[in-house]
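# Observations on the three-dimensional arrangement
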Amino acid sequence: MKMNPRCTYCLLSRVHFQSKLSTDDEDLISKTLHECLGVMNKHYSPEAVSASVATKIHRKCYEVLEDSDPYAVTKKLINQAALKVLPVAKEKIYENSPDDRELFRRAVLASVVANYFDFGIMGFDASEDKFEAAFLKFFEQGLDVDDTPKMLCLLQDVVYIADNCGEILFDMIVFDVIKKLGGKITLVVRGAPILTDVTMEEVTEFEIDKKVDRVMTTGSNAVGILVEEAPAELLKAMKDATLIISKGMANYETLSEHNFGPIAYMLLTKCECVAEDLGLEQGLSVAKLMNYP
């Protein structure tokens with residue numbers, strides 16, 4: 001996905017948000033914004049990939065703040081909030097003993113709804129106290145784009161590219177269903193902290209590795225997956241997969257520039273630009289299969 005003019009002020013809003021998470025020093029916050037404006041000015045182009053520019057800006061932000069993980073405390077709170085809602089989600093998913101097709105659809109729906117766990121997106125309120133109500137509302141509405149029936153026959157060798165903390169706990173239900181259906185899972189997480197994204201720290205903390213067949217990283221703290229920074233073994237796994245599941249908007253922003261497939265984008269269209277790029281409206285629950293013959 002290419003940059004939209006709206007990406008500029010949304011990105012800078014995010015820089016301001018995470019700077020305030022990191023420090024109360026207004027001079028340092030001003031300096032951080034100034035430095036990030038310089039990066040934006042240098043790299044902004046209608047032909048640039050949005051997440052590639054975002055990566056450069058966030059790296060500069062972390063460098064100026066001298067903080068490798070401004071969201072460290074936030075991520076713990078997100079995980080706590082997710083753990084509170086998880087029993088509700090499992091009850092909804094397994095209600096009335098659904099068949100395999102319906103079970104997979106419900107698990108995917110819960111995982112997509114959990115993409116709500118995102119902080120710092122301009123105009124988007126992901127406050128902890130609103131999550132259970134939001135989860136139940138979105139779950140009741142169901143998937144607005146539902147390609148789960150087509151995904152169901154592609155689960156033999158899945159590469160599952162994770163997104164946010166909190167959300168990953170709901171992804172684990174999808175892992176259980178894929179394994180129940182006989183599939184293998186390669187989980188992919190960020191190589192280092194960026195935004196609220198899952199890293200090996202959360203994999204270890206919640207023993208997520210026990211739910212999947214192997215775990216790989218993106219090789220860096222890039223926003224999404226920058227192919228030029230990705231390990232060769234990851235690119236091979238994606239090429240060999242019967243299905244790639246890509247969670248969240250940042251992964252879409254980067255992977256939509258390539259021809260990996262079949263690939264299922266699972267996300268909420270929180271951002272107007274991402275929604276438009278997908279040919280959809282804002283605020284939808286999406287499980288969209290692409291690059292599938």
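Before going into details, it helps to say that this report is about the structure given with it.

How each quantity is defined
Residues numbered from 1 in each chain as written. Predicted model: local features only at pLDDT ≥ 70, side-chain atom pairs only at ≥ 80, totals over all residues. Heavy atoms only, no water. Helix = DSSP H or I, 4+ residues; strand = E, 2+ residues; numbered from the N terminus. Rg over C-alpha atoms; globule rule 2.2 N^0.38 Å. Buried < 20%, exposed > 50% of the residue type's maximum accessible area, 1.4 Å probe, protein only. Areas by Shrake-Rupley, 256 points an atom, 1.4 Å probe, with all protein chains shown as cover. Lys, Arg positive; Asp, Glu negative; His and termini not counted. Charge placed at Lys NZ, Arg CZ, Asp CG, Glu CD. Phe/Tyr/Trp six-rings, centres within 6.5 Å; stacked < 30°, edge-to-face > 60°. Lys NZ or Arg CZ within 6 Å of the ring centre and 35° of its normal. Core = buried A, V, L, I, M, F, W, Y, C linked by side-chain atoms within 4.5 Å.

Okay, the overall build of the chain next. Counting its regular elements, the chain contains 12 helices and seven strands. For 293 residues, the compact-globule estimate of 2.2 N^0.38 gives 19 Å, and the chain sits close to it at 18 Å. With the C-alpha coordinates of the chain rotated into their principal frame, the extents come out at 55 × 40 × 35 Å. Put simply, the chain has 293 residues, and 56% of those count as buried. In the structure as shown, the chain presents an accessible area of about 12400 Å², 50% of it carried by carbon and sulfur atoms. Averaging the locations of the 32 positively and 46 negatively charged side chains of the chain gives two centres separated by 4 Å.

This brings us to the packing of aromatic side chains. Taken as a whole and judged by the stated rule, the model has five aromatic pairs. Centre to centre, the rings of Y252 and Y265 are 4.8 Å apart; their planes meet at 85°, and the pair counts as edge-to-face. Highlighted residues: Y252 in helix α11 (residues 249–255) and Y265 in strand β6 (residues 263–268), separated in sequence by 13 residues. By the burial criterion, Y252 is buried, and Y265 matches it. Feature note: the residues F135, F139 and F170 constitute an aromatic cluster, connected by ring pairs. Note that K137 overlies the ring of F138, its terminal NZ or CZ placed 5.4 Å from the centroid.

One finds F135, Y160, F170, F175, L187 and L243 to be the most contacted residues of the largest nonpolar core, which totals 55 residues. When residues of this core are assigned to their parent elements, the largest contribution, nine residues, is made by helix α8 (residues 167–180). Core analysis: the next-biggest nonpolar cluster, separate from the first, contains 26 residues, A230, A237, M249 and L267 among them.

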